[in-house]
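One-letter residues, chain by chain:
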Amino acid sequence: MKFKDDNIYKVTQENSPFEFNKQVASVFPDMIGRSVPGYQAVINMIEQLAGRYVKDKTNCYDLGCSLGEATLAMDRGIVNANTAGSDSSSPEITIVSVDNSTAMLDRCQLHLDCYKHHSFITLKCEDILTTKIENASMVVLNYTLQFIPVEKRESLINSIFEGLNDGAILIVSEKISFIDQPVNQLFIELHHQFKKDNGYSDLEISQKRNALENVLIPETLESHVKRMVDAGFKHVNCWQQHLNFASFIAIK
Ligand SMILES: C[S@@+](CC[C@H](N)C(=O)[O-])C[C@H]1O[C@@H](n2cnc3c(N)ncnc32)[C@H](O)[C@@H]1O
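For every chain, the first residue of the written sequence is number 1, and numbering continues from 1 onward in sequence order. In keeping with the model being predicted, local features are shown solely for residues with a pLDDT of at least 70 and side-chain atom pairs are shown and tallied solely at 80 or more, while totals for entire chains, interfaces and linings include all residues.

## Here's the deal with the overall build of the protein
Check the secondary structure of the protein and you find 8 helices and 8 strands. Projected onto its principal axes, the C-alpha positions of the protein cover 55 × 40 × 30 Å. Residues with at least 20 other C-beta atoms within 10 Å of their own are called buried, those with 12 or fewer are called exposed, and the rest are partly exposed. The C-beta atoms themselves are positioned from the backbone. Counting over 252 residues, the protein shows a buried share of 38%. By the criterion used throughout, residues are in contact when their C-beta atoms, derived from the backbone, lie within 7 Å. Long-range contacts, defined here as pairs at least 24 residues apart, represent 78% of the contacts in the protein between residues at least 6 apart. Here a helix means four or more residues in a row that DSSP labels H or I, a strand means two or more in a row labelled E, and each is numbered from the N terminus.

Right, dumping it as structure tokens:
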């Protein structure tokens, strides 16, 4: 499937808030790959963890699935684990991939159609705050929680906890902030350098930053860990931090 290069913020924009619309959907793989440090490593880890944690006859959830990269990673992990293991029967696993942007989901469907997948994959267009999580062995919130109003994040994590089976895993990846202001500023600047090194101009970086203001709200690593511990997760840890982007695992 063909995707365009991300040139959205090359031209001067009106100061409108960032949206996951058709234009963004058409360039999304290029945008996320050039903007999020450690993105591919997170996708690879989702695949590995799916192989370890996903159980037969359970559900997996990709909340804020965009074009389904994490969905496909879970599917690959499930297939690899199943073919490597002693159980040769086909697993009965459903991956529920949820997004509230029809533009993203339309592209997601086309993207998934390009790959042979082995789990049942169900796409749902809905607000993840209303998604019922049940009989889950794995839930992925990959760079999505940061778009949820801060005051609603606790109840979302609590409801994910409720829907996970014992021993199951939640993966949360986020842009993070730091209480220590000089460190916060340093990581912001290093992240801008990362984007410049990936071909974005100063104009593109500053326009995108303005568009994301009040749309993407980062929190500290400590706030994320505390929220998951408070929800009841037994084991919570940050497994990767690349500049101001981090990924966490939480095991029930
Ligand atoms: C940064 S993208 C996620 C990237 C994706 N998880 C991946 O690994 O490639 C955030 C996604 O979350 C979706 N989103 C944001 N708020 C949402 C909500 N309340 N309910 C459902 N989807 C939401 C957006 O439409 C967007 O597709």
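So, next bit.
## Quick word on the environment of Ile-133
Considering the arrangement of structural elements, one finds Ile-133 in the loop between β3 (120-125) and β4 (136-142). Residues Ile-133 and Ser-159 lie 26 residues apart in sequence; the distance between their C-alpha atoms is 7.2 Å. With near-sequence residues (within four places) excluded, Ile-133 lies in contact with Tyr-61, Val-139, Ser-159, Ile-160 and Gly-163.

## Quick notes on the site of the ligand
For each residue, a C-beta atom is positioned from the backbone; the residue is called near a molecule or strand if that atom sits within 6 Å of it. Taken together, 20 residues lie around the ligand, and Phe-20, Gly-64, Asn-100, Ser-101 and Asn-142 are the ones closest in. Counting only elements with at least two residues in the shell around the ligand, the list comes to α3 (69-84) and β2 (94-99). Classes in brief: Ala, Val, Leu, Ile, Met, Phe, Trp, Tyr, Cys and Pro nonpolar; Asp, Glu, Lys and Arg charged; the others, Gly included, polar. When the residues that make up the shell around the ligand are grouped by side-chain class, the tally is 11 nonpolar, 6 polar and 3 charged.

## As for the nonpolar core
Note on definitions: a nonpolar core is a set of buried residues drawn from Ala, Val, Leu, Ile, Met, Phe, Trp, Tyr and Cys, linked by C-beta atoms within 7 Å. Counting 58 residues, the largest nonpolar core has Ile-46, Ala-50, Tyr-61, Met-74, Met-138, Val-139 and Val-140 as the members making the most contacts within it. Broken down by element, this core gets its largest block of residues, 7 residues, from strand β5 (residues 164-177). With sequence-adjacent residues up to four places away left out, Ala-50 is seen in contact with Ala-73, Met-74, Gly-77, Ile-78 and Met-138.

## Some words on the packing of helix α5 (residues 150-163) against helix α8 (residues 221-231)
Relative orientation of the contacting elements α5 and α8 amounts to 45 degrees, with a least axis distance of 9 Å. Overall, the two elements α5 and α8 adopt an arrangement that is oblique. Here α5 and α8 pass one another in a crossing that is right-handed. Seen from α5, the contacting residues are Arg-153, Glu-154, Ile-157, Asn-158 and Phe-161; seen from α8, they are Arg-227, Met-228 and Ala-231. Its residues placed into classes, the contact of α5 with α8 shows 4 nonpolar, 1 polar and 3 charged. Comment: axis = line fitted to C-alpha atoms, over the contacting stretch for helices; angle = value between 0 and 180 degrees taken between N-to-C directions. Here the word oblique covers every angle except those under 35 degrees (roughly parallel), over 145 (roughly antiparallel) and from 65 to 115 (roughly perpendicular). Here is the rule for handedness: rotate from the far helix to the near one, and if that takes an anticlockwise turn smaller than a right angle the crossing is left-handed, while a clockwise turn gives right-handed.

## Here we look at the pairing of β3
Only strands joined by at least two bridges in the DSSP assignment are considered to pair. Pairing of β2 with β3, which is carried by 6 bridges, proceeds in the parallel orientation. Looking at β3, one finds that Ser-97 is bridged to Leu-123. This β-α-β element, β2 to helix α4 (residues 102-113) to β3, shows right-handed connectivity. A right-handed crossover is one whose linking path, passing over the helix from the first strand to the second, runs clockwise when the strands point away from the viewer.

## As for helix α6 (residues 181-197)
For α6, built from 17 residues, the straight-helix expectation of 24 Å at 1.5 Å per residue is met to within 8% by its first-to-last C-alpha distance of 24 Å. Gly-199 sits one or two residues past α6 and shows a positive phi near 100 degrees. Expected span of a helix: the number of residues minus one, times 1.5 Å.

## Quick notes on the pairing of strand β7 (residues 235-242)
Relative to strand β8 (residues 245-251), β7 is paired through 7 bridges, and the arrangement is antiparallel. Bridge pairing in β8 places His-235 opposite Ile-251. Connecting β7 to the antiparallel partner β8 that follows it, the hairpin turn spans 2 residues, and Leu-243 within it adopts a positive phi of roughly 50 degrees.

## Quick word on the environment of Tyr-53
Note on placement: Tyr-53 falls in helix α2 (residues 39-53). Here Tyr-53 falls in the buried class, since 23 other C-beta atoms lie within 10 Å of it.

## Some details on unusual backbone geometry
Glycine aside, residues mostly have negative phi angles, and peptide bonds mostly take the trans form. For Lys-57, which is not glycine, the phi torsion reads 60 degrees and is therefore positive. Take Lys-57: there are 10 C-beta atoms within 10 Å of it, and that puts it in the exposed class. Located in the positive-phi region is Ser-66, a residue other than glycine, with phi close to 50 degrees. In this fold, Ser-66 is placed in the loop between β1 (59-63) and α3.

## As for α2
An α-helical turn contains 3.6 residues, so a residue and the one three or four places further along point in the same direction. Taking 1.5 Å per residue as the helical rise, α2 with its 15 residues ought to reach 21 Å, and the 21 Å between its terminal C-alpha atoms agrees with that figure. The set of residues buried in α2 consists of Tyr-39, Val-42, Ile-46, Glu-47, Leu-49, Ala-50 and Tyr-53.

## A closer look at the environment of Val-79
As for its position among the elements, Val-79 is in helix α3. For Val-79 and Glu-47, which are 32 residues apart along the polypeptide, the C-alpha to C-alpha distance reads 9.7 Å.

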